[in-house]
Structure formats: structure tokens, C-alpha cells
Amino acid sequence: AVAKRLKEASATPGAIAGSELETAEQAAEAARGQVRAAEAARKAALAAVESLENVRSYLRITAPFHGVVTDRMVHPGALASPQSGPLLRLQQVSPLRLVVALPEASYAAVSTGMRVPFRVAAWPGQTLHGRVSRIARAVDPKTRTMAVELDVPNPGGRLAPGMFAELDWPVASRSSLLVPATSVASTTERVFVIRVQNGRAEWVDVERGARSGDLVEVRGPLKPGDWVLRRASDEIRPGVSVTGYSTPKPGAS
């Protein structure tokens, strides 16, 4: 401001000496230089603070979800670097995702959003539920099953990732027969049960369905009331007498 006033006064001849004006302008330029230096120092200080904040942020591990640490790969005091690999494993525990291999025959009975009951060994006698969220819509040609994913709420942490679940899949509305799993025999050419007709063995070709405990669903030319052998074998040839064998009835459902 002083240099500006002196410059305005110098417009009047003889009012201000030329050397005095030059001294004032030099002082003003020096002051501006100090301001620029202070501003540069301030920016450098802010950059240093930001650098320290970045370094400190490396000490805090964040994840995009709530979970628990299920495995720790390093211990306190160990040297950690990008080359040392992961430090720990964090898993989400609520909700959980249940992946199930759906039998091809049950595909028509499953839809997105339906509620499916299941059980786990950790909670015997208790039925839990999940909701179908995603269906693969493609059958695996090797297993003839389709991957289906269920979302399972787990607010109390009763379930743990990696647990094995047993589901009760709904089936299409149709009659089916259940026989003991040992009643179904197979060869390289066929799958069959041995029906008893007039005391003689008869091979009946069937197709296996869903299993429920010790029973398995079968589809074929059987009807409720037919008698089948509890323990079938290809050594029991068609037409042989089966007197004395235990022959329980299939159940209908």
C-alpha cells in the first residue's frame, strides 16, 4: 500500500525522489515473495500431513461388509508388506449363502423367492429356512443337477460358513413312491426294483428320485400296494421264487 501511494505521488514532478520509490517497490516485492514462500510452506505442510494420514490408514483394515476374522496369517510383530500375502481372512456371517445342487426332476417346482426348509447337524431337531435368490438355469451334464442359491439370515450367528445342510425340496404335484434305498439295484444297463408277483421275482425298471433318510423316491410302472424286496440284487433273477424274503410295501406320498 505504501509503494502504491508513493507511485501515485510520483506522478507530481518533484514530489517524491526516484530512489525512494524504487526502495518502496523493492520492499513490496520482497513482501510478496515472503507471502509466496509462506503459502508454499503451508502447502508442503498439508502434503506432509496427508502423507502421514495415508501411512496411518494402512494400519487400519476395512471391509465393505460386516463379518468376523476366521483366519489370521500373521502374528503381532511380524513384518507385513504387499509381498507377504494376505494378513487375515474375513467372512460375512449374516446373511449366508446356501448353494444347493437341485435335481433336474425338481426344477419345475422351484422359483425365485420361495421359502425352503433345511436342517444342520449343529442344531438337531430344528428346522431353519432360506429363500431362493438365484437359479443357474443350466443343468450340469455330469450330475444332472442345477446350482441354486438361497439367502439365509443369520442374525444371531447360529450358523457358520462351511456347514453342511440337508434340504427338503418341494416337488411338482404328482404321486410318487418311496422304497428303501436298498430296494433299488442297478447294472450297467438298467436301474430296477424287484417286485414280487405270485411269489416270483420280477425286475421293474425305475428312475431314482430324491432321497429322504433311508428311503428313496422311484418312478416307474409301480403302484401303491406292490410288494418289492427290501434288499434287491442282480443275483435274484426274474422268475425265481422269493419265498421267505422280507417284502415291505412302498410308501405313497
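What you see is a predicted model; the values in this text were computed from it and never measured.

Visitor: I keep staring at the pattern of salt bridges and nothing clicks. Help me out?
Guide: Pairing is possible between side chains that carry opposite charge, provided their charged atoms lie close to one another. Counted according to the given criterion, the structure contains 14 salt bridges. Close ionic contact of Asp151 with Arg134 constitutes a salt bridge, the shortest N to O distance being 3.1 Å. Here Asp151 is found in strand β6 (residues 145-152), whereas its partner Arg134 is found in strand β5 (residues 128-135), with 17 residues between them in sequence. Shared partners join several salt bridges into a network, and the residues in it are Arg97, Arg134, Glu149 and Asp151.

Visitor: Is there a simple way to explain the sheet that holds strand β9 (residues 185-186) in this structure?
Guide: The strands making up a sheet are joined through hydrogen bonds of the backbone, oriented either antiparallel or parallel. Read from one edge of the open sheet, three strands run β9-β10-β11, paired in antiparallel fashion. Looking at strand neighbours, the two that pair on one side only are β9 and β11 (200-205), the edges of this open sheet. With six bridges connecting them, strand β10 (residues 191-197) and β11 associate as antiparallel partners. Its bridge partner lying in β11, Gln197 is registered against Arg200.

Visitor: Just checking my understanding: could you explain the layout of surface pockets for this structure?
Guide: Gaps left between atoms are located by rolling a probe of water-molecule size over the structure's atoms. In this model, the second largest pocket occupies a volume close to 290 Å³. In terms of lining residues, the second largest pocket is bounded by 13 residues, among which Leu96, Arg97, Leu98, Pro161 and Gly162 are the most central. Going through the elements one at a time, β3 (96-103) and β4 (115-120) are the ones with two or more residues in the lining of the second largest pocket. It is β3 that provides the largest number of residues to the lining of the second largest pocket, a total of four residues. Among the residues making up the lining of the second largest pocket, the classes are represented as eleven nonpolar, one polar and one charged.

The rules behind these values
- Residue numbers run consecutively from 1 along every chain, following the written order of its sequence.
- Where totals are concerned, whole chains, interfaces and linings use all residues; where local detail is concerned, this predicted model gives features only for residues with pLDDT of at least 70, and gives and counts side-chain atom pairs only at 80 or more.
- To get the side-chain values, all heavy atoms of the structure are used, and hydrogens and water are removed first.
- Salt bridges, as used here, are contacts in which a Lys or Arg side-chain nitrogen is within 4 Å of a carboxyl oxygen on Asp or Glu.
- Put simply, DSSP H or I for four residues or longer makes a helix, DSSP E for two residues or longer makes a strand, and each gets a number counted from the N terminus.
- Any two strands between which DSSP finds at least two bridges are classified as paired.
- Lining residues are defined by having an atom within 4 Å of a point belonging to a cavity or pocket. Those points lie on a 1 Å grid over the protein atoms alone, cavities being sets where a 1.4 Å probe fits but cannot get out and pockets being open sets with protein on both sides within 12 Å along at least five of seven lines.
- Grid points are joined across faces, edges and corners, and a volume is the space filled by probe spheres set on the points.
- Amino acids outside the nonpolar list (Ala, Val, Leu, Ile, Met, Phe, Trp, Tyr, Cys, Pro) and the charged list (Asp, Glu, Lys, Arg) are all regarded as polar, and Gly is one of them.

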